[in-house]
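Chain and residue survey
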Amino acid sequence: MDDQTQKHEQPTRSYWRWSRKDFFPEESFQDMASYRNAISHTYLRLKDRLLTRSSDQNEIFLLQESENALKKCLTWWDLAWMSFGSVVGSGIFVITGLEARQTAGPAIILSYAVSGLSALLSVLCYTEFAIEIPVAGGSFSYLRVELGDFVAFIAAANILLESIVGAAGLARSWSSYFASMISSNTDFLRIRVSHFAEGFNLLDPIAVVVLLIADGIAVSGTRRTSILNWVSSALSFMIILFIIVIGFIRGKSSNLVPFFPFGGRGVFKAAAVVFWSYTGFDTVATMAEETKNPTRDIPLGFIGSMSMITVVYCLMALVLCMMQKYREIDPNAAYSVVFESLGMKWAKYLVSICALKGMTTSMLIGGLGQARYMTQIARSHMIPPWFALVHPRTGTPINATLLLAIPGALIALFSSLDVLSNIFSFSTLLIFTLIAVALLVRRYYVKDTTVKGDLIKFQACLFVIIGSSILITVLWNSSMTSWIGLAVAASIWFLGTLGMGLLPKQRVPSVWGVPLVPWLPSLSIGMNLFLIGSLGWEAFWRFFVCSAVMLIYYLLVGVHATYDVAHQNQQDNKTEEGFINTGTD
């Protein structure tokens, strides 16, 4: 009775707290002497984290770090419209005009088809993981379980990068479309600063305001945000059908000639960039923790909606190129401007409203889902656990949302759309590649079960698949493409995948699994690496610079925090087992 009274009288901690222990509760950060000792053991700790994998059960166990639970309030209907609201508007209205005019021409249709197939393969992988590990961490948790802590950190760094950059890009595009409703100059509402570098010299305060409002709505409640999303998305779907119908009526097939003005390379280069149009679907995986019935709702909401979106994207790209010659397409607000050029000024406003709505819900659902990523990353202590806290009233991670909203708003203020799109695509494609690799590991390797010979064969096949995919990419992008070399590289990929398919699988999904393993995940690896190779060198440079900065953070903070937590949990488990054994005796 006294224990119950004491527990009842224990004061509830405020959500808004700022002590050092709330940010760095681990042993390594108790004082400067502890930190110096931790730094001196960085090599050993890094080696430990490189070789350590989490488990399904541990990722679920980490939910207690948030103190308050995320509310289970979503069904397949919510997930389907979340996919639609998050994806449609995050690219089709943003990047299609730019890539059609400068990179692919009318063949942008094929670029969307290629990217759509790659995205759908990634969707299948995400769906299996989301059902088996229904937590908010999404790809971070999946990679932590199958590929280890360090690879998960690389994913976390890229998730953080794509979240911030993606939100900033959407906010900039929102202001472009809004400006197009007022003036033919899409930079009308931006402030030019002549002594800033090109690409960073147009300040955009409108983008900042819109992004902060969207994130403010996202933290007000998951269910409320979902209802607002599916009502507005249903209306925008009707407008999209209008665009497609009018496009076929008013468009001219002669505008599709020449179909390949930039050649085959232009198609794949554009496909790597327009892949941005499909990003946002991984947000649904992060909502698994808040889904009432993940095993039923996630496949229905995820795969169905993405299949439909791929078809819609290809049709929208087609009608855009039919209505206007690719050389005349406006790179910033393509659909609004093309309707105005056809003398349908009223339709211009309708399209702009639809585009604004699409980009608004993309920011809204993006803010919702990406904050869940950060919540699970903080639960693992890879970033301070203060960001894992869930507000008791709203049931949302407000701190994690602020972590993304504030830097995203700052980048949106300065950076232009073309600067943002390539680095975003690189990060996204890399994560999707790692997810496909993780799925193969999950199916073919189980610790203490897989025999050493099968493990070596699996590793060899995986090396062949990745190596041949890289070789195909290099050959395709070389100045003198060798079709014989491409055929040989493709044959090596085929043999590597076939060899893996002959190995015994160590794990079978309990409810739903990706079909045709290892073929579909292997194809996903190949396509994602191919699209990465089609990006410009600037994307690689920006990616590696950002990753290097985040790696410094990991060596100074992340590796020590996760090491302390992991070994403290091991010690607690041993103590608990000893207590149980003593009680049994």
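What you see is a predicted model; the values in this text were computed from it and never measured.

Time to look at the side chain of Glu59. Following the sequence through the fold, Glu59 ends up in helix α5 (residues 56-61). In terms of polar contacts, Glu59 uses its side chain to reach the side chain of Ser141, at 2.9 Å.

This brings us to the nonpolar core. Residues Phe93, Ile108, Tyr112, Tyr126 and Tyr335 are the most contacted members of the largest nonpolar core, which totals 163 residues. Top element by residues in this core is helix α15 (residues 294-323). It accounts for 16 residues. Residues Ile472, Leu475, Trp476 and Leu486 belong to the second largest nonpolar core, which totals six residues.

Below, the discussion takes up the confidence of the model for the chain. Averaged over every residue, the pLDDT of the chain is 85; the share at 70 or more is 92%. Below a pLDDT of 50 lies the segment residues 1-10, which in the model reaches zero contacts outside its immediate sequence neighbourhood of four places, other chains included.

Take a nonpolar patch on the surface next. A cluster of nonpolar side chains, contributed by Trp16, Trp18, Leu402, Ile406 and Leu410, occupies part of the molecular surface with about 560 Å² of accessible area. Within the secondary structure layout, Leu402 lies in helix α18 (residues 398-414). When its relative accessible area of 39% is taken as the criterion, Leu402 is described as partly exposed.

What follows covers the packing of helix α10 (residues 149-180) against helix α17 (residues 345-379). Between α10 and α17, whose axes approach to 9 Å, the crossing angle comes to 160°. In terms of orientation, α10 lies roughly antiparallel with respect to α17. Handedness of the α10/α17 crossing: left-handed. The class makeup of the residues in the contact of α10 with α17 is 16 nonpolar, seven polar and two charged.

Here we take up the packing of helix α20 (residues 452-477) against helix α22 (residues 519-533). Where α20 contacts α22, the axes come no closer than 9 Å and their chain directions differ by 35°. Between α20 and α22 the crossing geometry is right-handed. Counted together, Ile465, Ile466, Ser469, Ile470, Ile472, Thr473, Trp476 and Asn477 of α20 and Ser522, Ile525, Gly526, Leu529, Phe530 and Gly533 of α22 form the full contact between these two elements. Residue composition of the contact of α20 with α22, by class: eight nonpolar, six polar and no charged.

With that settled, consider helix α16 (residues 334-341). Every buried residue belonging to α16 is among Ala334, Tyr335, Ser336, Val338 and Phe339, and all of these are buried. Where α16 is buried, its residues touch α7 (96-104), α10, α12 (222-250), α15 and α17. Looking one or two residues past α16, Gly343 carries a phi angle of roughly 85°, positive in sign.

For the rest of this paragraph, the subject is helix α13 (residues 263-274). For α13, built from 12 residues, the straight-helix expectation of 16 Å at 1.5 Å per residue is met to within 8% by its first-to-last C-alpha distance of 17 Å. Of all the positions in α13, only Gly266, Val267, Ala270, Ala271, Ala272, Val273 and Val274 are classed as buried.

So, about the environment of Asn399. With respect to the secondary-structure elements, Asn399 resides in helix α18. Considered as a pair, Asn399 and Pro385 are 14 residues apart in the sequence and their alpha carbons are 10.0 Å apart. If sequence neighbours within four positions are ignored, Asn399 has contacts with Tyr15, Trp16, Trp386, Phe387 and Leu389.

What counts as what
Each chain has its residues counted from 1, following the order in which its sequence is written. In view of the model being predicted, local features appear only for residues whose pLDDT reaches at least 70, and side-chain atom pairs are presented and counted only at 80 or more, with totals across whole chains, interfaces and linings using the full set of residues. The side-chain figures draw on all heavy atoms in the structure; neither hydrogens nor water molecules are used. Secondary structure follows DSSP: runs of H or I at least 4 residues long count as helices, runs of E at least 2 residues long count as strands, and numbering of each begins at the N terminus. Any N or O atom pair separated by 3.5 Å or less is treated as a polar contact, with the protein-specific requirement of one donor-capable and one acceptor-capable atom, and with residues adjacent in sequence counted only for side-chain atom pairs. The term nonpolar core refers to a set of buried residues drawn from Ala, Val, Leu, Ile, Met, Phe, Trp, Tyr and Cys, joined through side-chain atoms within 4.5 Å. Only protein chains enter the area calculation, which uses a 1.4 Å probe; residues under 20% of their type maximum are buried, those over 50% are exposed, and those in between are partly exposed. Per-residue confidence from the prediction method is given by pLDDT, with values spanning 0 to 100. When checking whether two residues touch, look at their non-hydrogen atoms; a contact exists if any pair is within 4.5 Å. Within the patch definition used here, like charges are joined within 9 Å and nonpolar side chains (Val, Leu, Ile, Met, Phe, Trp, Tyr) within 5 Å, considering only residues with over 30% relative accessible area and no salt bridge. Each accessible area is a Shrake-Rupley estimate made with a 1.4 Å probe; only the visible protein chains count as cover when residues are assessed. In what follows, salt bridge is the name for a side-chain nitrogen of Lys or Arg lying within 4 Å of a carboxyl oxygen of Asp or Glu. Fitting a line to C-alpha atoms yields each axis, with helices limited to the stretch in contact; the angle taken between N-to-C directions then spans 0 to 180 degrees. Reported orientations rely on four angle classes, namely roughly parallel under 35 degrees, roughly antiparallel over 145, roughly perpendicular from 65 to 115, and oblique for the rest. Note on convention: the crossing is left-handed when the near helix lies turned anticlockwise from the far helix by less than a right angle, right-handed when the turn is clockwise. Under the scheme applied, nonpolar residues are Ala, Val, Leu, Ile, Met, Phe, Trp, Tyr, Cys and Pro; charged residues are Asp, Glu, Lys and Arg; polar residues are all the others, including Gly. Here a helix's expected span is defined as the number of its residues, less one, multiplied by 1.5 Å.

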